[in-house]
Amino acid sequence: MSNATEVKLPDHDLTGKVALVTGATSGLGRRFALILAKAGAKVAITGRRVERLSTLKQEIEAMGGTAAAIALDVTDTDSIAACLAATEAELGPLDILVNNAGMNVQALPADVTPEGFDTMFDTNVRGAFFMAQAAGRSMIARGQGGRIINIASIGAHTVLPGLTIYCMTKAAIGMMTRSLGKEWARHHINVNAICPGFIETELNSDWFKTEGGQKQIKSWPRRRLGLEEDLDGTLLLLSSAAGRFITGSLFTVDDGQSI
């Protein structure tokens, strides 16, 4: 046990760490990359829209950080392998993976097509698993442990009307998180998930300006959307030494929207 003279604030410093963020071209992924860089990590920013990655790289470097912009399609295992190799060649061995890439095809259950179903599972589940597998293999081989943070959703445990397939994919991410957390605990790899509620991003801002979107907001306990920065604290906790005793856990960060 510690005594009063040894009490210290939690350490969120990531100086010397190497992080990789998938889906960093916009929204939450972009924010995650900025926060990790601000905390001192060297960050591989990845995604398919390479021109956006170049802009984000410049922004990170302008605030004194280090970033590598690397093309990645998580539905292609060859692309995953090439991305990880490029990350480690340019920045060093991987310490932190933020498994953020995902997508949604909104449709009522009766209208879901096999193509739409496969597209969502290929990106949200298959892509996330093989990205975690690649990162996990690297971390195990290095023998220094690591952090894997999967980005799920309140849809992992809450029915979201019109988003059946999306919710199914995020529920899969929840179980993947718990399973990998147990499987890799002996390798000192902490695997956790963040389950955000509705956060305002460029992908949903138009909807929430409509009458239907405003009605949805009014149905929540605090009648407001989340902001990207509302996930900063959870991300830093799970990425840093402060979260060393946490693995296999799902963190709901939703302002009470799923209550």
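Anything mentioned here points back to the structure above.
Here's a quick rundown of the structure. Fair warning: this is a prediction, and the values are worked out from it, not measured in the lab.

Topic: the overall build of the chain
- Each helix and strand in the chain was counted, giving 8 helices and 7 strands.
- The C-alpha atoms of the chain give a radius of gyration of 18 Å, which matches the 18 Å a tight globule of 259 residues would have.
- Seen through its principal axes, the chain has C-alpha atoms that stretch 50 × 50 × 40 Å.
- Counting only residues that meet the buried cut, the chain has 49% of its 259 residues in that class.
- Restricting to contacts in the chain with at least 6 residues of sequence separation, those with at least 24 account for 72%.

Here we look at the environment of Thr-158
- Topologically, Thr-158 is positioned in the loop between strand 5 (146-151) and helix 5 (164-183).
- Residues Thr-158 and Val-74, spaced 84 residues apart in sequence, show a C-alpha to C-alpha distance of 26 Å.
- Not counting residues up to four positions away in its chain, the partners in contact with Thr-158 are Cys-167 and Ser-258.

Digging into the nonpolar core
- Counting residues in each nonpolar core, the largest one holds 31 residues, and the members touching the most others are Val-21, Phe-32, Leu-36, Val-43, Ile-45, Ile-60 and Val-98.
- Elements that contribute at least two residues to this core include exactly strand 1 (18-21), helix 1 (27-38), strand 2 (42-47), helix 2 (50-62), strand 4 (96-99), strand 5 and helix 8 (232-239).
- Apart from the residues lying within four places of it in its own chain, the contact partners of Phe-32 are Val-21, Val-98, Asn-100, Ile-151, Leu-231 and Leu-235.
- One finds Ala-68, Ala-128, Ile-173 and Ile-189 within the second-largest nonpolar core, a separate group that totals 30 residues.

Regarding the packing of aromatic side chains
- As enumerated under the stated definition, the model contains 6 aromatic pairs in all.
- Aromatic side chains Phe-129 and Phe-130 sit 5.1 Å apart centroid to centroid with 80° between the ring planes, which places their arrangement in the edge-to-face category.
- Here Phe-129 falls in the partly exposed class, since its relative accessible area comes to 32%.
- Ring centres of Phe-198 and Phe-208 lie 5.9 Å apart, and the angle between their planes is 75°; this geometry places the pair in the edge-to-face category. Highlighted residues: Phe-198 in the loop between strand 6 (189-196) and helix 6 (205-208) and Phe-208 in helix 6, separated in sequence by 10 residues.
- The class of Phe-208 is buried, set by a relative accessible area of 4%.
- Site record: aromatic cluster; members linked through ring pairs are Phe-198, Trp-207, Phe-208 and Trp-220.

Describing helix 3 (residues 77-90)
- Between its first and last C-alpha, helix 3 extends 20 Å over 14 residues, near the 20 Å set by a 1.5 Å rise per residue.
- Ser-79, Ile-80, Cys-83, Leu-84 and Thr-87 are the residues of helix 3 that are buried. Take helix 3 and look down its axis: the buried residues cluster within an arc of 130°, on one side only. Opposite the packed face of helix 3, turned more than 90 degrees from it, sit the exposed residues Asp-78 and Ala-89.
- Buried residues along helix 3 sit in contact with strand 1, strand 2, strand 3 (66-71) and helix 4 (114-142).
- Regarding helix 3, its N-cap is Asp-76, as a side-chain oxygen of that residue lies 2.9 Å from the backbone nitrogen of Asp-78 further along.
- Residue Gly-92 follows helix 3 closely and has a positive phi angle near 120°.

Each value, and the rule that gives it
- Residues numbered from 1 in each chain as written.
- Predicted model: local features only at pLDDT ≥ 70, side-chain atom pairs only at ≥ 80, totals over all residues.
- Heavy atoms only, no water.
- Helix = DSSP H or I, 4+ residues; strand = E, 2+ residues; numbered from the N terminus.
- Rg over C-alpha atoms; globule rule 2.2 N^0.38 Å.
- Buried < 20%, exposed > 50% of the residue type's maximum accessible area, 1.4 Å probe, protein only.
- Contact = heavy atoms within 4.5 Å.
- Core = buried A, V, L, I, M, F, W, Y, C linked by side-chain atoms within 4.5 Å.
- Phe/Tyr/Trp six-rings, centres within 6.5 Å; stacked < 30°, edge-to-face > 60°.
- Expected span 1.5 Å × (residues − 1).
- Arc of directions from axis to C-beta.
- Polar contact = N/O pair within 3.5 Å; in protein donor to acceptor, adjacent residues only side chain to side chain.

Shape descriptors only; they carry no functional weight alone.
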